[in-house]
Amino acid sequence: MIYSSVIVTYNRKEKLIEAIDSLLNQTLQPRRIIIIDNNSSDGTPNLLENKGILKNDKVNYIRLDKNLGGSGGFYEGVKEALNYDDDEYISLSDDDAIFDKHYFEYIEKATSKYPGYKAFSGTVKYEDGSIQTTHRRKIVNKKILKERDISTNEYTHDFDIDTFSFVGCVISKEILKKIGLPKKEYFIFYDDTEYSLRIRQYTKIKNVVNAVIIHKTVKNNNSKIEFTWKSYYGIRNQINMKCSYSDWKYIKYFFILKKYKEYIDIILNKDYAGMKKKYLRIIYYGYRDGLAGKTGKCGLYLPGKEL
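Residues numbered from 1 in each chain as written. Predicted model: local features only at pLDDT ≥ 70, side-chain atom pairs only at ≥ 80, totals over all residues. Heavy atoms only, no water.

Q: Is there a simple way to think about the overall build of the protein in this case?
A: If you tally the helices and strands in the protein, you get nine helices and 12 strands. For the protein, the C-alpha radius of gyration of 20 Å lies close to 19 Å, the compact-globule estimate for 307 residues. The principal-axis extent of the C-alpha atoms belonging to the protein is close to 55 × 45 × 35 Å. When the 307 residues of the protein are sorted by exposure, 51% land in the buried category. In the protein, the share of contacts with a sequence separation of at least 24, taken over all contacts with a separation of at least 6, comes to 78%. Of the accessible surface of the protein, which amounts to about 14700 Å², a share of 48% is contributed by carbon and sulfur atoms. (Helix = DSSP H or I, 4+ residues; strand = E, 2+ residues; numbered from the N terminus. Rg over C-alpha atoms; globule rule 2.2 N^0.38 Å. Buried < 20%, exposed > 50% of the residue type's maximum accessible area, 1.4 Å probe, protein only. Contact = heavy atoms within 4.5 Å. Areas by Shrake-Rupley, 256 points an atom, 1.4 Å probe, with all protein chains shown as cover.)

Q: It is not clear to me how the pattern of salt bridges should be interpreted in this structure. Could you clarify?
A: One side chain can pair with another of opposite charge once the charged atoms of both are near each other. Throughout the structure, instances matching the rule amount to 22 salt bridges. Between Lys258 and Glu262 there is a salt bridge, and its shortest N-O distance comes to 3.1 Å. Taken as a pair, Lys258 and Glu262 lie in helix α8 (residues 251-268) at a separation of four residues, close to a single helical turn. (Salt bridge = Lys/Arg side-chain N within 4 Å of Asp/Glu carboxyl O.)

Q: What should I look at first to understand the packing of aromatic side chains in this one?
A: To describe a pair of aromatic rings, you give the distance between the ring centres and the angle between the ring planes. Counting across every chain of the model gives 23 aromatic pairs. Plain terms: the ring middles of Phe74 and Phe166 are 4.6 Å apart, the flat faces sit at 55° to each other, and that makes the pair tilted. Pair noted here: Phe74 is in helix α3 (residues 69-81) and Phe166 is in the loop between β10 (163-164) and β11 (169-172), with a separation of 92 residues, a long-range link. Both rings, one in Phe99 and one in Phe104, keep their centres 5.1 Å apart while their planes meet at 40°; by these two values the pair is tilted. Taken individually, Phe99 and Phe104 each receive the classification buried, so the pair is uniform in this respect. Pairwise contacts between aromatic rings join Phe187, Trp229, Tyr232, Tyr233 and Tyr301 into one cluster. The ring of Tyr84 carries the charged tip of Arg32 above its face, separated from the ring centre by 3.8 Å. One Lys or Arg, Lys206, reaches over the ring of Tyr114 and ends 4.6 Å from the middle of that ring. (Phe/Tyr/Trp six-rings, centres within 6.5 Å; stacked < 30°, edge-to-face > 60°. Lys NZ or Arg CZ within 6 Å of the ring centre and 35° of its normal.)

Q: I tried to follow the environment of Thr133 on my own but got confused; where do I start?
A: Among the structural elements, Thr133 can be located in the loop between β6 (119-125) and β7 (136-141). Beyond its immediate chain neighbours, meaning those up to four positions away, Thr133 contacts Asp149, Ile150 and Thr152.

Q: Is there a simple way to explain the pairing of strand β3 (residues 59-63) in this structure?
A: The side chains of a regular strand alternate between the sheet's two faces. Pairing analysis gives five bridges linking strand β2 (residues 32-37) to β3, with the strands arranged parallel. Note on β3: the bridge partner recorded for Ile35 is Tyr61. Viewed along the sheet, the connection from β2 through helix α2 (residues 44-50) into β3 turns out right-handed. (Pairing = 2+ DSSP bridges. Right-handed = clockwise from strand over helix to strand, strands pointing away.)

Q: Please explain the state of the cysteines as it appears in this structure.
A: By definition, a disulfide links the sulfur atoms of two cysteines through a covalent bond. Within this structure, the stated rule accounts for zero disulfides. In this model Cys243 remains outside any disulfide bridge; the closest cysteine sulfur is found in Cys298, 18 Å from its own. (Disulfide = S-S within 2.5 Å.)

Q: What exactly am I supposed to notice about the nonpolar core here?
A: Here is a general trend for soluble globular proteins: nonpolar side chains tend to be buried in one another's company. By size, the foremost hydrophobic cluster in this structure holds 33 residues, and its most contacted members are Ile20, Tyr103, Phe104, Ile107 and Phe120. Elements with a contribution of two residues or more to this core: β1 (3-9), α1 (13-24), β2, α2, β5 (97-99), α4 (103-113), β6 and β12 (205-215). In terms of residue count, the dominant contributor to this core is α1 (six residues). Beyond its immediate chain neighbours, meaning those up to four positions away, Ile107 contacts Met1, Phe120, Ser121, Val170, Val208 and Ala211. (Core = buried A, V, L, I, M, F, W, Y, C linked by side-chain atoms within 4.5 Å.)

Q: Can you help me understand the packing of α8 against helix α9 (residues 276-292) in this one?
A: Relative placement of two packed helices is described by the angle separating their axes and the distance separating the axes. Two elements in contact, α8 and α9, have axes separated by 10 Å at closest approach and are oriented at 175°. When the interaxial angle is binned, α8 and α9 end up roughly antiparallel. Listed contacts from α9 to Lys252, Phe255, Ile256, Lys258, Lys259, Glu262, Tyr263, Ile266, Ile267 and Leu268 of α8 are Lys276, Tyr279, Leu280, Ile283, Tyr284, Tyr287 and Leu291. Here the residues of the contact of α8 with α9 sort into 12 nonpolar, no polar and five charged. (Axes fitted to C-alpha atoms, helices over the stretch in contact; angles between N-to-C directions. Parallel < 35°, antiparallel > 145°, perpendicular 65-115°, else oblique. Nonpolar A, V, L, I, M, F, W, Y, C, P; charged D, E, K, R; others polar.)

Q: I keep staring at a nonpolar patch on the surface and nothing clicks. Help me out?
A: Taken together, the side chains of Tyr250, Tyr253, Ile256 and Tyr260 define a hydrophobic patch exposed on the protein surface, amounting to about 430 Å² of accessible area. Its location among the elements puts Ile256 in helix α8. (Patch = residues over 30% accessible without salt bridge, like charges linked within 9 Å, V, L, I, M, F, W, Y side chains within 5 Å.)

Q: How should I be thinking about α9 in this particular structure?
A: Because each turn of an α-helix spans 3.6 residues, side chains separated by three or four positions in sequence point in the same direction. Helix length check: α9 (17 residues) gives 24 Å between terminal C-alpha atoms against 24 Å at 1.5 Å per residue, within 8%. Three or more residues of α9 are buried, namely Tyr279, Ile282, Ile283, Tyr285, Gly286, Tyr287, Asp289, Gly290 and Leu291. Each element contacted by the buried residues of α9 is listed here: α7 (229-245) and α8. At the C-terminal side of α9, Gly293 shows a positive phi close to 80°. (Expected span 1.5 Å × (residues − 1).)

Q: How should the side chain of Glu76 be read in this particular structure?
A: Position of Glu76 among the secondary structure elements: in helix α3. Here Lys79 takes part through its side chain, which lies 3.3 Å from a polar atom of the side chain of Glu76. Once residues lying within four places of it in the same chain are set aside, the contact partners of Glu76 are Ile36, Leu64 and Leu68. (Polar contact = N/O pair within 3.5 Å; in protein donor to acceptor, adjacent residues only side chain to side chain.)

Dropping the structure here:
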């Protein structure tokens, strides 16, 4: 299996180094590593230079003029990867995703074991070894495209999935040429889910349980929804995606009712005291723009901007 790996990074230079090393140390190494830097301001280029990574012939470092968000980063990464004719597959991951050294060896075996499949993913784990289930999902309601995380007790064998995150997915270039590039207009969130749905139009997706990738993120054991500037994009893009792919004629009415339910939940929830107006505003704009099909950056909600 000949493949290139795309990594999108923004202001996580130390984790990026670890992510790159995990690819360079693969038992089945990539033909090239394409790093898309979303205009990091933490000295990422200098660290890559000092570590000698930029001198590595496998590394193609592209620094963008501005932060295009994760969606824009993956758009640019896949676009660059498609310029090379010598690859069979392309992998996608963030700068906080660390591949086990046998990851692509297991994926290669899966391409032979499952010849009808043209897209694969692996098992995403926290640093403590527990499975991070949110990255691999099945659709359980086609009307509203409701998803279910694959439970940990299903990770005893390889299984099919409908949607995935961009943490360690491996996709045939043949499929990528058919479906086009990730939806950069989403900025962040749901670009990977939307891309999965496009992939599923041409191939089934197999999760290879022995292929492990460590996602270096903090466990969130808090059941309460935390609202940040990112929440706007999560609400908006989910609605945009589901309205685009559902053939249920009442899908927009479903989301209108859901919006008012969320209003009531916020108003009645004492945990949101002092922030209710700001949270209601996020819900309002997220639903409004999602139902209207509006995408791109929103001036009200940008990285680092206070609510």
